[in-house]
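The primary structure of each chain is shown beneath.
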Amino acid sequence: MTTKRRTFAAAVAALALTAGLTGCSKEVDNGKVEEQLTAALKRSAPDRDYGKADCNDDLKAEVGETADCEIEVDGANIKYKATVKSVEGDTVNFEFTPG
């Protein structure tokens, strides 16, 4: 990983996010996780050029569950892991960490 990519990854480590569950589902749709990743990165580093985000699966609404994601930033693919930190009713709190 280049110094530029490492610096960027460190700058956006552990982005905490919240998403609501829809219907009877006990998971956050991977499309919603992808949207949250892109939005969080844009808030923390708006001067970057973001491409498509892609998460491998829906994020199960259970503490400790993870989904692997990847997003293009300034032409390079950067990997993130979404991890559920808590579930409160219909609200899932999760964070992204580089990796």
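- Per an unreviewed UniProt entry, the protein chain carries the name DUF4333 domain-containing protein and comes from Barrientosiimonas endolithica.

1. As for the overall build of the protein chain
- A count of helices and strands for the protein chain gives two helices and seven strands.
- Considering the protein chain as a whole, with its 99 residues, one finds that 38% of them fall into the buried category.
- Contacts in the protein chain between residues at least 24 apart in sequence constitute 50% of all its contacts with a sequence separation of at least 6.
- Put simply, the protein chain shows about 5,500 Å² of open surface, and 45% of that area lies on carbon and sulfur atoms.

2. As for the pairing of strand 5 (residues 66–73)
- The side-chain alternation of strand 5 yields one buried face, formed by Ala 67, Cys 69, Ile 71 and Val 73, and one unburied face, formed by Thr 66, Asp 68, Glu 70 and Glu 72.
- Relative to strand 6 (residues 76–88), strand 5 runs antiparallel, the two being bridged by eight bridges. Residue Thr 66 lies in a different strand from strand 6, and its bridge partner there is Thr 83.
- Here strand 5 hands over to strand 6 after two residues, with Asp 74 in that stretch at a positive phi of 50°.

3. Concerning the side chain of Ser 86
- By the secondary structure assignment, Ser 86 is in strand 6.
- For Ser 86, the side chain forms a polar contact with the side chain of Asn 93, separated by 2.8 Å.
- Residue contacts for Ser 86: discarding those within four places in its chain leaves Val 63, Thr 91, Val 92 and Asn 93.

4. Regarding the environment of Glu 34
- Along the chain, Glu 34 falls in helix 2 (residues 30–44).
- By relative accessible area, Glu 34 is classed as buried at 13%.
- For Glu 34 and Ala 82, which are 48 residues apart along the polypeptide, the C-alpha to C-alpha distance reads 9.7 Å.

Thresholds applied
- Residues numbered from 1 in each chain as written.
- Predicted model: local features only at pLDDT ≥ 70, side-chain atom pairs only at ≥ 80, totals over all residues.
- Heavy atoms only, no water.
- Helix = DSSP H or I, 4+ residues; strand = E, 2+ residues; numbered from the N terminus.
- Buried < 20%, exposed > 50% of the residue type's maximum accessible area, 1.4 Å probe, protein only.
- Contact = heavy atoms within 4.5 Å.
- Areas by Shrake-Rupley, 256 points an atom, 1.4 Å probe, with all protein chains shown as cover.
- Pairing = 2+ DSSP bridges.
- Polar contact = N/O pair within 3.5 Å; in protein donor to acceptor, adjacent residues only side chain to side chain.

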